[in-house]
Amino acid sequence: MVFCCVILQPMKSARLALISLQNTYIDFGIRYIASSARSHGYHTEVLWIEQCCEKSMNTSSLNAIVDWVRTNGFTMVGISVMSLHYSMAVKLTRAIQQRVHVPVIWGGIHVILDPERCLETADFVCVGDGEEAVPALLDSIDSGNKTPEIPNIWYKIEDQLVQPPRTVIDSLDDFPAPDYDLRHHLILSKNKIMPGTTELFKKSMPWSHNRHYVITSRGCPYQCTYCSNSALKRIFGKKHSARIRSVENVMKEICDVKASFPFVDAFAIMDDSFFFKPKGWIEQFCSEFGEVDAGFGALMHPRTVTRERMEMLIDAGLIGVQMGLQSGSERTSRDIYKRPEPVSEFVRAANLLDEFMDRLLVRTYDVIVDNPMETDDDRAETVNILSHLN
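Residues numbered from 1 in each chain as written. Predicted model: local features only at pLDDT ≥ 70, side-chain atom pairs only at ≥ 80, totals over all residues. Heavy atoms only, no water.

A.B. asks: For this particular structure, what's the right way to read the side chain of Ser-39?
C.D. replies: Checked against the element boundaries, Ser-39 lands in helix α1 (residues 28-39). Since its relative accessible area comes to 6%, Ser-39 is described here as buried. (Helix = DSSP H or I, 4+ residues; strand = E, 2+ residues; numbered from the N terminus. Buried < 20%, exposed > 50% of the residue type's maximum accessible area, 1.4 Å probe, protein only.)

Structure, rendered in structure tokens:
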């Protein structure tokens, strides 16, 4: 069985190459865009760069990528950019522009937060959800329109910024699941591009641990200052924090993945706040996931951890939790990070998780270190909290 989206339209002439610069094979954004573009009838391929870093973006790798773009006749290239990838994205984009002469579009969190600087290099930037915007841009390229007005797509004409409104997609169920059709995925390894096989993808995260990553919502109700969600909420408003997939939609993806890749024995749910769901959502999810031959893990906020919830989740297959402390200092948490709960709430939640340590395989606690705004006393408070964890 091949896990892929259904082609809804005849294939069109524009061809899309998507390149992920992440050093894992997760990248939800790239996978969602690939599925959406393909469902609109556009030939789309995804290139992953094995253990991507500055050293891996050498002349031989650049030549291999440029040759791949040229040989396959791609008419647009999309690159997913986080802040640490910026210099690599610049180098790669300029090589493609100068040697293949096709437009390059950037997307990702760095682009959303700093689009004008990104347009110093990229031909287009996607400044919000791209599932509708990127296929619309491909439609324009397909029809020969080089100056489209598409929400979430910005570009420049003779140094004049064209910036249609940013929009937020309300229903996440309207899109195909992230793309895991390996027939359209390739890996750049040791300066050579080769077809992406299950064996190659299992050499790196997350499949190297037989895990598969899933996201069931976008956004977060909190506004911690160290997190991009606080900036995204300023840009997009309240809508950013309230977009949730239905249980049916999530479970279809999980069951399809499990059928296509039977070696997957755990699903990591990467929502920023897993419990931020409508009434009954968690209960329905637990009921349905209990039928899957796999475990799952989730990110949790201390305030949401209760004994009743933990018992229900563990009975359904929960095997790992990740929870944020960030700092054991009340001053740092309250005044710098703007976290909504006292440190004592983290201690309460951690103690409750201890009661289930015989059934939870993994308990991970997040801490921000090397914060120049913290004092030695602040750091000592963090060490004190950590020293009392089991």
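A.B. asks: It is not clear to me how the nonpolar core should be interpreted in this structure. Could you clarify?
C.D. replies: Taken as a class, soluble globular proteins show a tendency for nonpolar side chains to be buried jointly. With 71 residues, the main nonpolar core has Phe-285 and Met-310 as its most contacted residues. No other element matches the 6 residues that helix α13 (residues 343-354) contributes to this core. Residue contacts for Met-310: discarding those within four places in its chain leaves Met-300, Val-305, Leu-318, Val-321, Leu-353, Phe-356 and Leu-360. With 37 residues, the next largest nonpolar core counts Ile-19, Val-77, Ile-79 and Leu-92 among its residues. (Core = buried A, V, L, I, M, F, W, Y, C linked by side-chain atoms within 4.5 Å. Contact = heavy atoms within 4.5 Å.)

A.B. asks: So what exactly am I meant to see when it comes to unusual backbone geometry here?
C.D. replies: Residues apart from glycine generally show negative phi values, whereas peptide bonds are mostly found in trans. The backbone of Glu-158 sits at a positive phi, close to 50°, despite the residue not being glycine. Position of Glu-158 relative to the elements: it lies in the loop between β6 (153-157) and β7 (160-162). Its identity as a non-glycine residue notwithstanding, Lys-190 has a phi of 55°, on the positive side. Mapped onto the secondary structure, Lys-190 falls in the loop between β8 (185-189) and β9 (192-195).

A.B. asks: Would you mind showing me how to read the sheet that holds strand β13 (residues 266-269) here?
C.D. replies: Spatial ordering of the open sheet is given by β10-β13-β14-β15-β16, a layout of 5 strands whose pairing is parallel. A single partner strand is all that each edge strand has here, and the edge strands are β10 (211-214) and β16 (362-367). Ignoring which end each strand starts from, the neighbouring axes of this sheet average 20° apart. As paired strands, strand β15 (residues 318-326) and β16 are joined by 6 bridges and run parallel to one another. The residue bridging Val-321 from the neighbouring strand is Arg-363, located in β16. (Pairing = 2+ DSSP bridges. Axes fitted to C-alpha atoms, helices over the stretch in contact; angles between N-to-C directions.)

A.B. asks: It is not clear to me how the sheet that holds strand β2 (residues 43-49) should be interpreted in this structure. Could you clarify?
C.D. replies: Note on sheets: strands pair through backbone hydrogen bonds, and any given pair is parallel or antiparallel. Spatial strand order, β7-β6-β5-β4-β3-β1-β2-β8-β9: 9 strands in an open sheet with mixed pairing. Taken across any chain shown, the strands that pair with only one partner, and hence form the sheet edges, are β7 and β9. On average, each strand axis in the sheet is tilted by 25° relative to the strand beside it, whichever way the strands run. Both strand β4 (residues 104-107) and strand β5 (residues 124-126) contribute to a ladder of 2 bridges, which runs parallel. What sits directly across from Ile-105, in β5, is Phe-124. Along the sheet, helix α3 (residues 86-99) contacts β1 (15-20), β3 (76-80) and β4; its crossing angle with β4, the most-contacted strand, is approximately 165°.

A.B. asks: Got a minute to help me understand the packing of helix α2 (residues 59-71) against α3 in this structure?
C.D. replies: Each pair of packed helices can be summarised by the angle the axes make with each other and by the distance between the axes. Interhelical geometry of α2 versus α3 gives an angle of 45° and a closest axis separation of 10 Å. By the angle class used here, α2 and α3 are oblique. The crossing of α2 and α3 is right-handed. Mapping the contact onto sequence places Leu-62, Asn-63, Ile-65, Val-66 and Arg-70 in α2 and Lys-91, Leu-92, Ala-95, Ile-96 and Arg-99 in α3. Looking at the contact of α2 with α3, its residues break down into 6 nonpolar, 1 polar and 3 charged. (Parallel < 35°, antiparallel > 145°, perpendicular 65-115°, else oblique. Left-handed = near helix turned anticlockwise from the far one by under 90°. Nonpolar A, V, L, I, M, F, W, Y, C, P; charged D, E, K, R; others polar.)

A.B. asks: Explain the environment of Ser-80 here, please?
C.D. replies: Inspection of the secondary structure puts Ser-80 in strand β3. Sequence separation of Ser-80 and Ser-246 is 166 residues, and the distance between their C-alpha atoms is 26 Å. If near-sequence neighbours (up to four positions away) are discounted, Ser-80 is found in contact with Ile-19, Leu-21, Asp-27, Ile-30, His-85 and Gly-107. Polar contacts involving the side chain of Ser-80 include one to the side chain of Asp-27, which spans 3.4 Å. (Polar contact = N/O pair within 3.5 Å; in protein donor to acceptor, adjacent residues only side chain to side chain.)

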